[in-house]
Every structure is written in structure tokens, then in C-alpha cells.
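Observations on the three-dimensional arrangement
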Amino acid sequence: MTAQLIDGNALAKQVRAQVAGRTQALKARGIVPKLAIIMVGDDPASAVYTRHKVNDSTETGLEATLERFPATLPEAQLLARIDALNRDGTVHGILVQLPLPRHMDSQKVISAISPGKDVDGFHVANAGALMVGQPGFWPCTPFGCMKMIESIGYPLRGKNAVVIGRSNIVGKPMAMMLLQQSATVTICHSATADLKSHTLQADVIVAAVGKRNVLSADMVKPGAVVIDVGMNRDDQGKLCGDVDFASVREVAGWITPVPGGVGPMTRAMLLANTLTAAERAGGQQPA
Ligand code: GUN
């Protein structure tokens, strides 16, 4: 069996179209959704990511600003800038691009963002809201993964889901979202004794490790849904995920490609979260 592809580009386009419609509705009420992005230092990958985020926003009708600071910026100045953005009523979403320079405490910086503007969903208040099933902002990557699973009409209730990776940004929130849909969730990580014994039981596998070929065909149950969060380079320098795509696609039922899978969905969900923030600020129940 060859797996069906879950097309992240196509799905992201749908999400952006919905966001564009909601943006128009807000603008008609005199509210212009606005995302403020901060980047500290000159990490080349971060420069590309933040540029994409600004372009995605403006193409969808949102306003976006990118403020770049030198790597030597004192942490106190960054905190002061975040405080000003928290107080600025025209700004609905605030995103501080990670990683930050080593002299900064990322958790402290993220905690300085008002939870209602934390469209990355990294603030402990939003992590806690996800944990207890209350409204908040969900981190964009796992949120996008959930949308992809939803798009194929796959019922998660009672299914075995394995998340490989335990990061605060992807693995842990992903597990919570799957649990909220009543899947039986296992989180595997670098200290897991026998990864294959877990993945072979899984109806859904989310690979979020950041290492090539973490998941090969012999580790996958026939028909499983495989979501690949990885963004790596192969020996030829080509973008690839955590999953050995060529072999796993012959066993899985559904699979996300890299590129063109989770990446575009992550970007789209940031726009969706920003719109939700603007709608909430405008006293509207989000769509
Ligand atoms: N760096 C890599 N991915 C992300 C992300 O989703 N949000 C932020 N703020 N920084 C990142």
C-alpha cells in the first residue's frame, strides 16, 4: 500500500483563506489585526523565518512589524520593549523569535509577553490552559498537525498515538492535543528503551525530534497516520524530515511530506492565532 499524502500547502492555503475572511470582517469593524515580531541577533535561519512570518501576514491582510535588535541587546531592554507592546492596544500578537542570545533567559522573556498576545502559545499560562482544556493559544506546530489529522477525517478517539520528542514547543503540547481528542498517548524520547516497540503499536505517529530517519518502515504499523515535524538536511543538502519518507510511505496509510507538510501549516496557524487574539481583543468569540 502507498500512503496518501496530507498536503500541507493545500491545507495551509485553506486556513489562510479563512483567516483572510476573518481579517476582512474585523477590519470592517475598524480593527486591523497586528502582529509584532522581535528578532534578536542575526541567526540566518531566524532571519528567513521572521521574513516569512511578515510576508504571510501582509499577504493575508494582517499588519506585521519586524523589529531587529543586535545580539548584544541587554535583556532588560528587550523586556521593556515587550512591556511597551503589551500596553499597545493596536498590537494583538507578540512573537519573540527563538533562539535568543545566550545571555538571555528565554523562559523569562516569553513570560514577559501578555498571555493574551502570546500567539506562539509558549507562555506558561497558555501551556497550562492547554493542559486543563481551557481557551488559550496553542503552539502553532502541533496545532497545525492536529488540523492535518482533522483534514483526513481521522477519528482519534481510542486510537494509539505515539509522539516522538518531548520539547515544550512541539512534543508535549502535541501529546496534550491528542489526549484532548481521547487518543491513548505515549511520549517517546531520547531515553526511550525500545522506540520501535511503541511505534509498532501506534495508529498515529508524530515525529518531532530533529534527526533524520528516526522512523523507518519496519517501525510502522500498516495504515498508520505519520506526521513528520522534522526539518533537516540530507547529505545532498536537500530539506528532509525525521521520517524515512521513501520507505515509510509504502507502509503508512497517510503521511505528510517534507517540505510541503507541517511547515506551511505552522506558518498558517500563526496567522490564525493572531486573528483569534485580535478577535478576542475586539470582544468577539473567535471562529
Ligand atoms: N524558532 C523556531 N521556531 C519558532 C517558533 O515557532 N516561534 C518562535 N518564536 N521562535 C521559533
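Below: a short report on this structure. (Residues numbered from 1 in each chain as written. Predicted model: local features only at pLDDT ≥ 70, side-chain atom pairs only at ≥ 80, totals over all residues. Heavy atoms only, no water.)

Moving on, we get to the site of the ligand. The local shell around the ligand consists of K53, L95, V96, Q97, L98, D120 and F122. The separation between a nitrogen atom of the ligand and a polar main-chain atom of V96 is 2.8 Å. Between a nitrogen atom of the ligand and a side-chain N or O atom of D120, the distance comes to 2.5 Å. Here the ligand, which alone exposes 280 Å², has 76% of that area covered by the protein. Along the lines of polarity and charge, the residues of the shell around the ligand split into four nonpolar, one polar and two charged. (Near = heavy atom within 4 Å. Polar contact = N/O pair within 3.5 Å; in protein donor to acceptor, adjacent residues only side chain to side chain. Areas by Shrake-Rupley, 256 points an atom, 1.4 Å probe, with all protein chains shown as cover. Nonpolar A, V, L, I, M, F, W, Y, C, P; charged D, E, K, R; others polar.)

A complete count under the given rule lists two aromatic pairs for this structure. For the pair W138 and F143, a centre-to-centre distance of 5.3 Å together with 70 degrees between the ring planes defines the contact as edge-to-face. Judged by its relative accessible area of 18%, W138 falls in the buried class. The exposure class of F143 is buried, given its relative accessible area of 18%. (Phe/Tyr/Trp six-rings, centres within 6.5 Å; stacked < 30°, edge-to-face > 60°. Buried < 20%, exposed > 50% of the residue type's maximum accessible area, 1.4 Å probe, protein only.)

Once that is clear, we can look at the sheet that holds strand β7 (residues 204-207). Reading across from one edge, β1-β11-β8-β7-β5-β6 is the order of the six strands in this open sheet, with parallel pairing throughout. Bordering the open sheet on either side are β1 (4-5) and β6 (184-188), each of which pairs with just one other strand. Of the strand pairs in this sheet, β7 and strand β8 (residues 225-228) are connected by four bridges, and their pairing is parallel. Across the sheet, the residue bridging to I205 is V226, located in β8. Contacts from helix α7 (residues 171-180) reach β5 (160-164), β6 and β7, with the element oriented near 170 degrees to β5. (Pairing = 2+ DSSP bridges. Helix = DSSP H or I, 4+ residues; strand = E, 2+ residues; numbered from the N terminus. Contact = heavy atoms within 4.5 Å. Axes fitted to C-alpha atoms, helices over the stretch in contact; angles between N-to-C directions.)

The subject of this paragraph is a nonpolar patch on the surface. On the surface, V48, Y49 and M231 cluster together to form a nonpolar patch covering roughly 260 Å² of accessible area. Its place among the elements puts V48 in helix α2 (residues 44-59). (Patch = residues over 30% accessible without salt bridge, like charges linked within 9 Å, V, L, I, M, F, W, Y side chains within 5 Å. Salt bridge = Lys/Arg side-chain N within 4 Å of Asp/Glu carboxyl O.)

Attention now moves to unusual backbone geometry. Following L98, the chain continues to P99 via a peptide bond in cis, the omega torsion being 5 degrees. Counting through the fold element by element, P99 comes out in the loop between β4 (93-96) and α4 (106-112). The peptide bond linking V258 to P259 adopts the cis configuration, its omega dihedral lying at 0 degrees. Checked against the element boundaries, P259 lands in the loop between β11 (254-255) and α10 (262-281). The phi angle at S182 is positive, at roughly 65 degrees, despite the residue not being glycine. Structurally, the position occupied by S182 is in the loop between α7 and β6. Taking the relative accessible area as the measure of exposure, S182 reaches 32% and is therefore partly exposed. Residue N213 is not a glycine yet carries a positive backbone phi of 55 degrees. Inspection of the secondary structure puts N213 in the loop between β7 and β8.

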